[in-house]
Amino acid sequence: MNSAELKLDLFRRIDQLDNTELEKIYDSFVALLNAKSEKLYVTPPHVKIAIDNAFDAIDKGKTISHDEAMRITKSKYPSLFK
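Residues numbered from 1 in each chain as written. Predicted model: local features only at pLDDT ≥ 70, side-chain atom pairs only at ≥ 80, totals over all residues. Heavy atoms only, no water.

Peer 1: What am I meant to see in the overall build of the chain here?
Peer 2: Looking only at helices and strands, the chain features 4 helices and 0 strands. Scanning the chain from its N terminus toward the C terminus, one meets helices and strands in the order α-α-α-α. Once the C-alpha set of the chain is aligned to its principal axes, its extents read approximately 55 × 35 × 25 Å. Within the chain, the proportion of its 82 residues that are buried is 0%. Total accessible area on the chain stands at roughly 7,800 Å², and carbon and sulfur atoms take up 58% of it. In the chain, 13 positive and 13 negative side-chain charges are present, and the distance between their average locations comes to 4 Å. (Helix = DSSP H or I, 4+ residues; strand = E, 2+ residues; numbered from the N terminus. Buried < 20%, exposed > 50% of the residue type's maximum accessible area, 1.4 Å probe, protein only. Areas by Shrake-Rupley, 256 points an atom, 1.4 Å probe, with all protein chains shown as cover. Lys, Arg positive; Asp, Glu negative; His and termini not counted. Charge placed at Lys NZ, Arg CZ, Asp CG, Glu CD.)

Have a look at this one:
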């Protein structure tokens, strides 16, 4: 696709969103448009908090093995492993 076709495709996809869907993606889309080409992904605040919490748990020795994590994940979310 050339650039005109890409823009038209994006416009059509955005135009088909209902207001709720549009509001959900607006901030992320604007952030992507404003991002420098080297940094296309902006880590959301809730993800940064989760990462910090994980490092805190590691520091406190609250860890489990990979095998145990996989066992728990497979039992909790079996549809991800079909």
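Peer 1: Just to check I follow, could you spell out the environment of alanine 50 for this structure?
Peer 2: For alanine 50, the position within the fold is in helix α3 (residues 45-59). Residue classification places alanine 50 among the partly exposed residues on the basis of a relative accessible area of 43%. Between the C-alpha atom of alanine 50 and that of lysine 62, which follows or precedes it by 12 residues, the distance is 15 Å.

Peer 1: Help me out: how do you make sense of the pattern of salt bridges in this one?
Peer 2: When the charged atoms of two side chains with opposite charge come close together, those side chains can pair. Taken as a whole and judged by the stated rule, the model has 2 salt bridges. Residue glutamate 68 is joined to arginine 71 by a salt bridge in which the shortest nitrogen-to-oxygen separation is 2.7 Å. With glutamate 68 and arginine 71 both in helix α4 (residues 66-76) and 3 residues apart, the pair spans about one turn of that helix. (Salt bridge = Lys/Arg side-chain N within 4 Å of Asp/Glu carboxyl O.)

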